[in-house]
Each structure stands twice: as C-alpha cells, then as structure tokens.
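Geometric and topological summary
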Amino acid sequence: MSRTFLPLSVLVCALALPLAGWAGTIKGRVTDARTGEPLVGAVVFLQGTSYNGQVQLDGTFVLRNVPTGEYELVSQYISYEAKNQHVSLTATQPDQVLNLRLSDKNNALDEVTVQGRRDPEGEVSARRIEQIAPSIVNVVSAQAIQVSPDIQVANVLQRVSGVTLERSTNGDGRYALVRGMDKRYNYTLVNGIKIPSPDPYNRYVPLDIFPADLLQRLEVTKALTPSMEGDAIGGVVNMVMKDAPAERTLSGQLGTGYGQLFMDRSFLGFDRGGVNKQSPGERNGSAYQATIGDFPWPGFTHKTPAPNLLGNLTFGSRYGKDQRLGVLVAGSYQAQTRGSNGYFYETGITQGNDPALRTLHVQEYSTQQQRLGLNAKLDYRLDSRNTLRFYGVYLQLEEAQTRAETDTTYKGTARPDVDRLLRARYQLQGIANTTLQGEHQLTDRLSASWSLVYSRATNNVPDVSEQDIKLTASGNYYQNATRTWLDNTDQDKAAYLNLKYLLAEGLELSAGGLYRDKDRVNHYLAYQLRPSGQPATNEGDINSEAYTVFNPLGIYVGNNNYTAAEKVTASYGQLRLVRGAWEVLGGVRTEYTDQSYITSLPLSEAANRGGQKYLDVLPSLHLRYALDARQNLRASYFSSISRPSFFELTPHNNSGSVSESNVYAEAGNPYLLHTQAQNLDLRYEFFGAGRDQVMLGAFYKNIKNPIEYGLVTLPNTTVTVYQPINPSTGAATNFGFEWVGVKFFGPFGLSTNYTFTSSSITTNKGRSATSEDPRVLVAQKRPLQGQSKHVANVSLLYNDPRSGIEVQLAYVYTGARIVQVGQFLGLDYWQRAQSQLDFSAEKRLTKSDKRFQLTAYVKVQNLLNTPYQVDILASGAPAQLGAPAVAAYPFQDRADRVSVVNQTYRAYYLAGLRFRL
C-alpha cells in the first residue's frame, strides 16, 4: 500500500499546485450610463490589491494574471460616481467580461452642463457632433489639436479631409481651400458668427492669425442648411472658442523652440521702431511736397534670433446659485522667427512677343512673427427658460519681414543682369469680434434665439521700403526705389433672429433672418524715388546714391483707394422631421445683396462710383438615415453663391505699372457677376468605439459664373487687360470623392483620409506661339485654380492613457495644382506635388487621478524640408520661353517645364510643458 500511496500523493500534489496558483483575466468596457460613450482614461482596480488599469480609446480595459479568488472591482472617473462590482475568479471560470456603466455625479444639470462634463474638447464629443449633425461636417477637437504638430488654425486644417492650404512666404499655412475650391469660395465663422477680413484685396480671412490653443473645436461644414449663410461653395470653417467648464479650471502651457533654417544662416532684421507709421502726406497734409529727407532708409542688421516662445493661460469657472454664471477668459501669445531660402524668376516677353524668363532673384526671407489671441465668454442662466451669452475675441498678427537678394553667382560664375533687392515690410493685422446672444424658451413649443454682433478687421502696412541694385556687365546701378503705405478697415454690424416651433413630436419648423451692414475703407499711397543713373559708388550704402523724389505728392489715385459698403438682408424657413431612423431637413433661404463703392477718381468720371444689387433664392434638402446606432447614410443638396470682393469690382486700371511678369495691365471689373452653384453630396458614416470611424462620400458641383482672371479687350477700344471675369464659355464643374478612416488596435492607431477632385473651366488666353499675334485670344480648358487632384493624410498614432504617452507621426500629400493663372495659353503656374511630414509627442508627468496634471510635449514640423516649387508647364518650354537650352538658365533641370519659384523652409522644433488644475 505504501508503494501505491507515494505515487498518488505526488500526482495529487502536482495537480493541486497549478490549481492553487491559477491566474485569470478580468476585462470589459467602461461607458457613460446615459450616452454609452467610452470613458477613456477611467481607472479600474481590485480593492486591496496592486492590480489596476486604465480604459483605452475603445473603452476597454484588461487586468491580467489575477489569482483565483473573490474581489471588489472599483471603476472611477472624474465627475462620475464610482462603481463597485463583485468579481469571482475560479478554476473553472478564470476569466470575467464586464460592462461597467458610470453615472454623472449631477444628472440634474441641464444639457449644456452635462455636455461639459463629457469633455466638450474631447475626441468622443467631436465624433458625436459629426454623427448627429444635420448636414455633412468634419470636426477637429481641442484634444486632437493639442496633440497635433500644429500651433495655428490654418495648419490644423490641413489634417481635415479635402482641405489644402495656401502658404505664406515663410511656409506657414494661411488660407484654406476646401474640395479644390479656391479660398474665395469659403467663409469663416467664430462661434457661428461670420467675421470680416483684414486682407487688403479679398473677403476671405487669413487663418494664420488664429492661435489653435484658444479653440474648443474646429468645424468644417461641407453642405449648407437654410439657417446658414449661403455664400460658400467649397465649405465653411467655424472656430468654436473655449467655453466655461462645469468645474473651476486653470490650464496653460509654456514652450520654446527654434527653426533649423537659422542654425545655418543669420536672421536679417530691421528696426521696427524706425518705421514711419504715417506717410509724409498724412503727417504734413495732402499738399505737402515730400523730399528725400522724408524717407530715411531702414537699417538692416544680421543677428542670431532669440528662441521661439509660445504660451497660453485659460481660466474658467461657474458661480452663483445653481452655478448660473459661467466665465471663461483665455489668452495666447506666440513669438516666432521663420524664413525661407530660394529663387524666383520674373517672366516676360521678348521683342517677338514670345514669353521669356527675365530677371532671376535668389532670395532669403526672414520674418519675425508675434501672434496674440484673447478670448472671453460669459453665460448667465436667468432661469430654466432664458439664457444670455457674451463672446469677445481679439486676434492680432504682427510681422516684420525682410527679403534679401544675396547670391550673385551660379556655379562659381558671375551672373549678369541680376537684381540684388532689399525689402523691409512691417504688417499689423487685427480682428475683433463681440457678440451678445440670447436663448429663450417662450412656450413649451416655441423657442427663440438672437445675436447682436459688432466686428472689425484692420490691416496696416506702413512704409514698405524697397531698394534695388542691378548687377550688369557694364557696371552696378541703383534702380528705382519705392516707399508704400497701405491700410484698410473692414467693419460689420449684424443682427440675427431664429425661431423654432415644435409642430408635433419629431416635427420642427424654424424660421429666421439676418441683416448685416458692412463698411470697408482702403487707403494706398506710394512714392517713387529715382536714382542718378550713374554706376553705384558704394554698393553697400544706399545713402551714397543721390535719389530724388519722382512724385512728391505721392500716388493717391490708384487701384486701392476706395470706400465700399455691402448690405445683406437674409431670411430662411426650414422644416426638420425625425421619424424612426430617418431625419429630413429641408427649406429655402433668400439673400438680398446691395454692394456699392466710391473710388478716389474725380467726381466727373463715370468710374468714380458704382455698385450692384441682386437677390438669390437658395433651396436645400438634407437626408440622414441611421442604419443602426453607429451608422449613417446621408444625402444633401444645396444651392449657394460667392460674392466678388470690393477690390475686384472697383474699375481700377494699372496700365501705368505693367511689368515684365504681367504683359497686360490688370484692371477691375464693375460688371463682374456673383457666382452661383448647385451642390450634391453623398456620405456613408460609421462611428466605432472611441475614435474609430469610417466615412466615404462623393460630391458634385455645377458652378455658374465662376470668377477667374482672364484677358479681355475693353469695349470700343483696342486695349487688352487682365481682369477678373465670368468666363463666357460656360459653367465650371467640380466633382470627387472622400475617404476618412481611423482605427485603433489597443494603444496603436492609424488615421487616414484621401480626397480625389476633378474640375474643369474654360477661359480666354493670349496665344504665345511666335507665328501668332499674342493679342489673339483663344480658349483654354483647365482645372480650377488651387484644385489638386489627389490629397491625402496618413497619421501613425500611439496613445496609452495609463502611462500618459501619446505620439503622432503625420504625413500630408498635396497633388500638383495651378497657383496662378497665366495670361498666355498653356503658361499657367503649377505648384509641384508636396509631401510633408510632422511629428509630435507628449508624456503625462503626474498620475491621472490627480487634480493637478502636468504634461511635457515636443512638436517638429517639416521633417522632410519640403520645398515649395512652381513651374510653367509646356512641351519644349525652354525654347518657347526664349531659351536656347535648359542650361542657359540657372536651376533648370527639366525639358518639359521651367522652374520659376523654389522656396525651402527647413524644420521647426518646439518643446514645452502643459498643465491643468
């Protein structure tokens, strides 16, 4: 028996040991009990043990290698009631799958407060807005902006499907183009209110004036509803500024960085304090005869720039009984040095009327930027039925830029006929907006909202100084110099009213209106300084040249001196029906436009004043069908318009300033018609757990009276001018499809979007062949200006809420596009396709359950040193442009094109700390 007992004992012990040390897994999801949304970052732990975890982006958690036994599992999340659940792991059931639903601590709060507790700045809220929106919308949350490589709004927009950027000379994004439609076909909102533009020539808003850290979210609407203003064909950019939080919050950041460009060369600056803010005529009266002593030359200095600086601070809280008063104040400041190196060819015509390359400019730009943003929001709940809100926003962008021509050789050989130009340009742009709003539940069925708005945009460019010396084989000569003062003001006063009436359950009637009174004033004054015409005695000191003032009174009568007004009266009616899985929203909007202008031309001239009036009726219909709780099918139709700018309508004629790059004089067009468009959209949407989503859509636009620049022979004359026109060859078309896909695999994620766009327009061009008269106009079919056939974004993501590490590697591809419509047949300016790579990473330095959160971050832009390259495309282009061979011109390496612009910017680095209390 003893021999039998021993082996059995060993066997029992061998079986008992693994049973005694058995380990299991506890996993599941943590969601909001009311909305079902994942509570990303919630903490899950086993009471009395060291086993814990955090909820991932898809709402899941996992606790591994937990010994068998009885446990209390606790789940916690800020502003939510903690939840305890008993868990039992046994040898026969070692794994448990749980679904934990947490409740908000204060369910009695109204919808606005509940949304605030769901983090309105988070990705989950952004996806929810896209899902329930009445039309086709893309949303970028403050959370996504914060972890992206971008610090200003224009650069953020390049991450949105179908959006491309037009950049400034320092490489920063400035204007957004939506679905291949030029910036003129979009408009910009702040908190849902249209704002004026400081741009001196156009109505579109430069988006690089907006610091991205002031935003709660960024919305791009691609299909207009009747309640939206109708003058957008591409899309609408709405910047929703930060709002008062449900709990007292203080947050901010401080960062610094440097541009790699200025590790390789010095920064060329000038004394901004020496800039004459007023012209001689403004200082001394319009009859004043300016002398050369009124134009001191700016002193240029080479230096090592200070590090870039970025900082912001936000405070928000609620006060009073039932927290009726919400307050938020936020400020942002960014100081950067940016620049570029490159070249630019002036193009012109030969004596035989053939286009030809002319002067080569090898350029270095140095720009000092200071960007300031202030945001204030107040909301006060008078009672459960009435709320008042006040918004105030101030934005300012100050730039001091120099452009220097430095390279006078090519491959070691001196180049003849080269300009060496120095330019100093100071610019101050500002936008101020104040809005007072009210929301009132008048009866159980009737509600009303209203807004009173005052907005003002300013642009001041005083004393732009240009000094030029031409290097020739026979000697070096100072050229004509200019001193220019430019300023403009755009002012809006507007009132909005919206009414909603609940006809029945799921059936809502809305109606409303808008009145806007816009005033614009533009001033322009230029002085021309003439040199002696003798070879320069001291090329390093322009004061050695005996300049004289050619026009002592300045040039007041020009293309940029006018006052203008625009009055828009709009009304709309719409019906919204929700039945089961269907949502139908349809209606009509009317907009009456009254534009007028007065130029600085004498009263006796017919072109002294003018204007136009027109009425548009804009129907729209939007359908949404919910396949299930996570999937939508959408279809939209809307009619929209685009108004010409005041500058385009004023009948200016720059015949006295025709340059080699513009063979024909530029002129305004008082007969220019506004653009009308019919738009169709389809989209499928899937919203998965956390950030996961899929969107697949298609669009079509038929555009009547598009505005493009072309050659026109003025009536009853032989004068041909280059002016904004409505092509007589028919409407333009634009169609394409979009894809958006985001998928996370645990902490790793992949975000992609792609847009294909194809457009077509026909305009008149001058013929450039040597055997033809260049004044013979021929039709050319081409894509719309600014339209890229292929646009794509790919981002590799890593997000681990437990460790607080988040990483993003973001790639952007923008296909080739026309950036400037040329005057001659086939000689448009094409930007080459671009690939840009950016990087960002951040690490939480404190525990996630602490009230004080501290995070370190780094951002790197333009890792690939992506150049901006522009070509003239033509078969046998060098010969057509008057070149005997490609090698005759520097920087030419292709036989099928001529390179006319090349700019490089190098990488920019930023690192800092961010806190939240």
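Here the structure is shown first, and the text comes after it.
Think of each chain on its own: its residues are numbered from 1, step by step along the sequence as written. Local features in this predicted model are restricted to residues whose pLDDT is 70 or higher, and side-chain atom pairs enter the listing and the counts only when it is 80 or higher, whereas totals over whole chains, interfaces and linings include all residues. Side-chain measures were taken over the full set of non-hydrogen atoms in the model, leaving aside hydrogen atoms and water.

1. A word on the nonpolar core
Side-chain atoms within 4.5 Å are what join buried Ala, Val, Leu, Ile, Met, Phe, Trp, Tyr and Cys residues into a set we call a nonpolar core. Only protein chains enter the accessibility calculation, which uses a 1.4 Å probe. A residue is then buried if its area is under 20% of the maximum for its type, exposed if over 50%, and partly exposed in between. Core analysis: the largest hydrophobic core is formed by 33 residues, its most contacted members being Leu 157, Phe 210, Leu 218, Met 239 and Ile 431. In this description a helix means any DSSP run of H or I spanning at least four residues, a strand means any run of E spanning at least two, and both kinds are numbered starting from the N terminus. Listing elements by their share of this core, those giving two or more residues are helix H5 (153–157), strand E9 (163–167), strand E10 (173–178), strand E13 (215–221), strand E14 (235–241), strand E19 (325–349) and strand E21 (386–405). Beyond its immediate chain neighbours, meaning those up to four positions away, Leu 157 contacts Val 163, Leu 165, Ala 176, Leu 207, Leu 218, Val 220 and Val 237. One finds Leu 39, Leu 63, Leu 98 and Leu 102 within the second-largest nonpolar core, a separate group that totals 18 residues. Note on contacts: a residue pair is in contact if any heavy atoms of the two residues lie within 4.5 Å.

2. Brief notes about the sheet that holds strand E38 (residues 720–725)
Through backbone hydrogen bonds, the strands of a sheet pair up, either in parallel or in antiparallel fashion. Reading across the sheet, the 3 strands line up as E34-E38-E37 and stay open at both edges, with mixed pairing between neighbours. Sheet topology places strand E34 (665–666) and strand E37 (708–713) at the edges, where each strand pairs with a single neighbour. For two strands to pair, DSSP has to find at least two bridges joining them. In terms of strand pairing, E34 meets E38 through 2 bridges, oriented parallel. Note that in E38 the partner of Ala 665 across the bridge is Val 721.

3. Focus on helix H3 (residues 123–132)
Taking burial as the measure, the 10 residues of H3 include 7 buried ones, the bulk of the element. Listing the buried residues of H3 in full gives Glu 123, Val 124, Ser 125, Ala 126, Arg 127, Glu 130 and Gln 131. Residues of H3 that are buried make contact with strand E8 (137–141), helix H4 (142–147), strand E32 (609–628), strand E33 (631–642), strand E35 (675–687) and strand E36 (693–704).

4. Side note on empty space enclosed by the protein
In this analysis, the protein atoms alone were mapped onto a 1 Å grid. Cavities are point sets where a 1.4 Å probe fits without being able to get out; pockets are open sets with protein on both sides within 12 Å along at least five of seven lines; lining residues have an atom within 4 Å of a point. Grid points are joined across faces, edges and corners, and a volume is the space filled by probe spheres set on the points. Counted according to the given criterion, the structure contains 12 cavities of 30 Å³ or more. Of the pockets and cavities examined, the largest cavity occupies roughly 520 Å³. Around the largest cavity sit 27 residues that line it, and Glu 123, Ala 144, Arg 159, Val 742 and Ser 751 are the ones nearest its centre. Contributions of two or more residues to the lining of the largest cavity are made by H3, E8, H4, strand E39 (732–745), strand E40 (748–766), strand E42 (790–800) and strand E43 (805–814). Among the residues making up the lining of the largest cavity, the classes are represented as 10 nonpolar, 10 polar and 7 charged. Of the voids in this model, the second largest cavity is the one considered here, and its volume is about 290 Å³. The wall of the second largest cavity is formed by 24 residues, among which Asn 186, Tyr 187, Thr 188, Arg 203 and Tyr 204 lie closest to the centre. Sorting the residues of the lining of the second largest cavity by element identifies E10, strand E11 (186–190), strand E27 (481–504) and strand E28 (507–530) as the ones contributing at least two each. Top contributing element to the lining of the second largest cavity by residue count: E11, with 3 residues. For this classification, the nonpolar set comprises Ala, Val, Leu, Ile, Met, Phe, Trp, Tyr, Cys and Pro, the charged set comprises Asp, Glu, Lys and Arg, and every other residue, Gly included, is treated as polar. Of the residues contributing to the lining of the second largest cavity, the split by class is 9 nonpolar, 4 polar and 11 charged.

5. A look at the pairing of E40
In this structure, E39 lies alongside E40, joined through 13 bridges in antiparallel fashion. From the neighbouring strand, Phe 735 faces E40, where its bridge partner is Ser 758. Where E39 folds back on E40, the antiparallel hairpin that results is connected by 2 residues, among which Gly 746 adopts a positive phi of roughly 70°. In the sheet, E40 pairs with E42 via 9 bridges, with the strands oriented antiparallel. Across the sheet, Gly 749 pairs through a bridge with Leu 797, a residue of E42. When E40 meets strand E41 (residues 777–782), the two strands line up antiparallel, connected through 6 bridges. Bridging from a neighbouring strand, Lys 765 pairs with Val 778 of E41.

6. Some remarks on the pattern of salt bridges
Salt-bridge detection follows one rule: a side-chain nitrogen of Lys or Arg within 4 Å of a carboxyl oxygen of Asp or Glu. The final tally for this structure, using the stated rule, is 47 salt bridges. Arg 179 is the partner of Glu 738 in a salt bridge, and the nearest nitrogen-oxygen pair spans 3.2 Å. Within this pair, whereas Glu 738 is found in strand E39, its partner Arg 179 is found in the loop between E10 and E11, the two being separated by 559 residues in sequence. When sorted by exposure, Glu 738 lands in the same class as Arg 179, which is buried.

7. Examining the pairing of E32
Pairing of strand E31 (residues 582–599) with E32 involves 17 bridges; the strand directions are antiparallel. If you follow Thr 593 over to E32, its bridge partner there is Tyr 614. Hairpin connection between E32 and E33: a loop of 2 residues separates the two successive antiparallel strands.

8. Some words on the packing of aromatic side chains
Any pair of Phe, Tyr and Trp rings, taking the six-membered ring for Trp, is counted once the centres come within 6.5 Å. Such a pair is stacked with planes under 30 degrees apart, edge-to-face with planes over 60 apart, and tilted for the rest. Overall, the coordinates contain 14 aromatic pairs when judged by the stated rule. Note on Tyr 201 and Phe 647: the rings are 4.8 Å apart at their centroids and 65° apart in plane angle, and the pair reads as edge-to-face. With a gap of 446 residues between them, Tyr 201 in the loop between strand E12 (193–194) and E13 and Phe 647 in helix H8 (residues 646–649) connect regions that are remote in the sequence. Judged by its relative accessible area of 34%, Tyr 201 falls in the partly exposed class. Ring centres 4.9 Å apart and planes at 50° place the aromatic pair Trp 582 and Tyr 625 in the tilted group. Residue Trp 582 is found in strand E31, and its partner Tyr 625 is found in strand E32; the two are separated by 43 residues along the sequence. Should the NZ of a Lys or the CZ of an Arg lie within 6 Å of a ring centre and within 35 degrees of the ring normal, that charge is described as sitting over the ring. Between Lys 194 and the ring centre of Tyr 187, over which it is positioned, the NZ or CZ distance is 4.5 Å. Against the face of Trp 297 rests Arg 483, its NZ or CZ located 5.3 Å from the ring centre.

9. A short note on a nonpolar patch on the surface
A cluster of nonpolar side chains, Leu 750, Val 794, Leu 796, Leu 809, Leu 863 and Leu 864, forms an exposed patch at the surface whose accessible area comes to about 470 Å². Following the sequence through the fold, Leu 864 ends up in the loop between strand E47 (853–861) and strand E48 (868–873). Given the relative accessible area of 48%, Leu 864 is considered partly exposed. Put simply, a patch holds well-exposed residues, over 30% relative accessible area, that have no salt bridge, with like charges counted together within 9 Å and Val, Leu, Ile, Met, Phe, Trp or Tyr side chains within 5 Å. Method for areas: the Shrake-Rupley scheme with a 1.4 Å probe, in which residue coverage is limited to the protein chains shown.

10. Overview of the environment of Gln 612
If you trace the backbone, Gln 612 turns up in strand E32. Taking relative accessible area as the criterion, Gln 612 reaches 15% and is therefore assigned buried. For the pair Gln 612 and Leu 673, spaced 61 residues apart in sequence, the C-alpha to C-alpha distance is 8.9 Å. For this analysis, a polar contact is any N or O atom pair within 3.5 Å, provided that within protein one partner can donate a hydrogen and the other can accept it, and provided that sequence-adjacent residues contribute only side-chain to side-chain pairs. A distance of 3.0 Å separates a polar atom in the side chain of Gln 612 from the backbone oxygen of Leu 672.

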